[in-house]
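Architecture and fold: a report
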Amino acid sequence: MKKILWMSGLVLVLITAGYVALPFYSIEQLQRAAKMAKSNQPQVRAESIDTLERYVDFPVLRDNLKIRLQQQLRNSLSNSIPQEFDELLSAGANFFMDPLLQQFITPEGIADLLRGGEDLEAFQREIYRQGGETPDISENETSAAEENEDSWQRMGWHFTDLNHLSVEYGEHGRPELRMLMQRNGLRWQLVDIQLIGDRSGESQEWR
């Protein structure tokens with residue numbers, strides 16, 4: 001009986017360790033691919049792009065970002081647009097957002113974003129300005145970002161439930177970016193991105 005209990009406990013520990021190790025491995029693969037995407041060697045860059053395509057669910061990521069941007073746009077115009085024009089507003093917003101997201105939410109774009117610095121500022125200016133809130137970026141901040149483009153560190157990660165986890169990145173002890181990942185079989189994939197301070201997506205349901 002003791003042997004059965006001991007074996008059951010060991011199996012449980014191994015399953016738990018594996019469940020924790022798989023998302024950690026996925027996070028490490030994303031970080032490594034983002035760094036290798038800047039390599040001067042075409043083969044290394046191609047391998048990094050393949051890795052990013054495996055660990056990022058691009059259709060879901062684009063959809064989640066679009067939903068948040070639509071909500072930001074509605075909030076910013078809620079007092080000036082009649083409710084009967086809401087569908088027309090959404091259609092017009094999608095007309096501009098879809099090609100913008102297609103342009104930025106690519107393996108190369110995600111690699112740039114995960115490296116932080118100048119690329120994060122570009123992402124903020126080009127994507128989140130669609131929500132009516134243009135970030136205040138001084139020249140000094142931009143220059144510092146350019147000098148420390150690859151200085152981001154992973155600040156921590158945690159499970160939000162059994163199938164989702166949150167990963168935060170930043171520098172100088174200040175989180176700047178939150179990646180939201182979802183389990184897909186044995187692989188964990190990036191399905192959403194939030195700039196820290198953006199509250200519009202906190203209540204959004206996982207897709």
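For every chain, the first residue of the written sequence is number 1, and numbering continues from 1 onward in sequence order. Whole-chain, interface and lining totals are the exception, using all residues; otherwise, since this is a predicted model, local features are given only for residues with pLDDT of at least 70 and side-chain atom pairs are given and counted only at 80 or more. Based on all heavy atoms of the structure, the side-chain values leave hydrogens and waters out of the count.

1. Examining helix α1 (residues 2-36)
Helix and strand assignments come from DSSP, with helices taken as H or I runs of at least 4 residues and strands as E runs of at least 2, each series counted from the N terminus. Here a helix's expected span is defined as the number of its residues, less one, multiplied by 1.5 Å. Between its first and last C-alpha atoms α1 spans 50 Å; for 35 residues at 1.5 Å apiece the expected length is 51 Å, and the two agree. The set of residues buried in α1 consists of Pro 23, Ser 26, Ile 27, Gln 29, Leu 30, Ala 33 and Ala 34. A contact between two residues is defined here by any heavy atoms of the two lying within 4.5 Å. Summarising the contacts, the buried residues of α1 are in contact with α2 (42-55), α5 (107-115), β1 (153-161), β2 (164-171), β3 (174-184) and β4 (187-195). Exposed residues in this analysis have more than 50% of their type's maximum accessible area, buried residues have under 20%, and partly exposed residues fall in between, with area computed by a 1.4 Å probe over protein chains only.

2. Observations concerning a nonpolar patch on the surface
Here the term patch refers to residues with relative accessible area over 30% and no salt bridge, with like charges joined within 9 Å and nonpolar side chains (Val, Leu, Ile, Met, Phe, Trp, Tyr) within 5 Å. Values of accessible area rely on a 1.4 Å probe in the Shrake-Rupley scheme; residue burial ignores everything except the protein chains shown. One speaks of a salt bridge when a side-chain nitrogen belonging to Lys or Arg is within 4 Å of a carboxyl oxygen belonging to Asp or Glu. Together, Trp 6, Met 7, Leu 10 and Leu 14 make up an exposed nonpolar region whose accessible area comes to about 430 Å². With respect to the element layout, Trp 6 can be found in helix α1.

3. Some words on the environment of Met 155
As for its position among the elements, Met 155 is in strand β1. The spacing of Met 155 and Pro 175 is 20 residues in sequence and 7.0 Å in space, taken between C-alpha atoms. The contact partners of Met 155, leaving out residues within four places of it in the chain, are Glu 168, Tyr 169, Gly 170, Gly 173, Arg 174 and Pro 175.

4. Some points on the confidence of the model for the chain
Residues of the chain with pLDDT of at least 70 account for 70%, and the chain-wide mean is 76. Model confidence for the chain, summarised as mean pLDDT per element, is weakest for helix α7 (residues 139-147) at 42 and strongest for α2 at 93. Predictor confidence is given residue by residue as pLDDT, running from a minimum of 0 to a maximum of 100. Confidence over residues 130-149 falls short of pLDDT 50; this stretch has 28 contacts with residues more than four positions distant or in other chains. Of the regions scoring below 50 in pLDDT, residues 199-206 engages in 16 contacts with residues more than four places distant in sequence or in other chains.

5. Notes on the side chain of Lys 66
Relative to the helices and strands, Lys 66 is located in helix α3 (residues 58-77). For Lys 66, a relative accessible area of 19% translates into the label buried. Each residue touching Lys 66, except ones within four places of it in the same chain, is listed here: Asn 94, Met 97, Asp 98 and Leu 101.

6. What to know about the packing of aromatic side chains
Put simply, two rings from Phe, Tyr or Trp (the six-membered ring, in Trp's case) pair if the centres are within 6.5 Å, and we call them stacked under 30 degrees between planes, edge-to-face over 60, tilted for the rest. Per the counting criterion, the structure on display carries three aromatic pairs. Between the aromatic rings of Phe 24 and Trp 157, the centroid separation amounts to 6.5 Å while the plane-to-plane angle is 35°, which identifies the pairing as tilted. Of this pair, Phe 24 sits in helix α1 while Trp 157 is found in strand β1, placing the two residues 133 residues apart along the sequence. What makes Trp 157 partly exposed here is its relative accessible area of 24%. Considering the side-chain rings of Trp 157 and Phe 159, the 5.6 Å spacing of their centres and the 65° angle between planes classify their relative orientation as edge-to-face.

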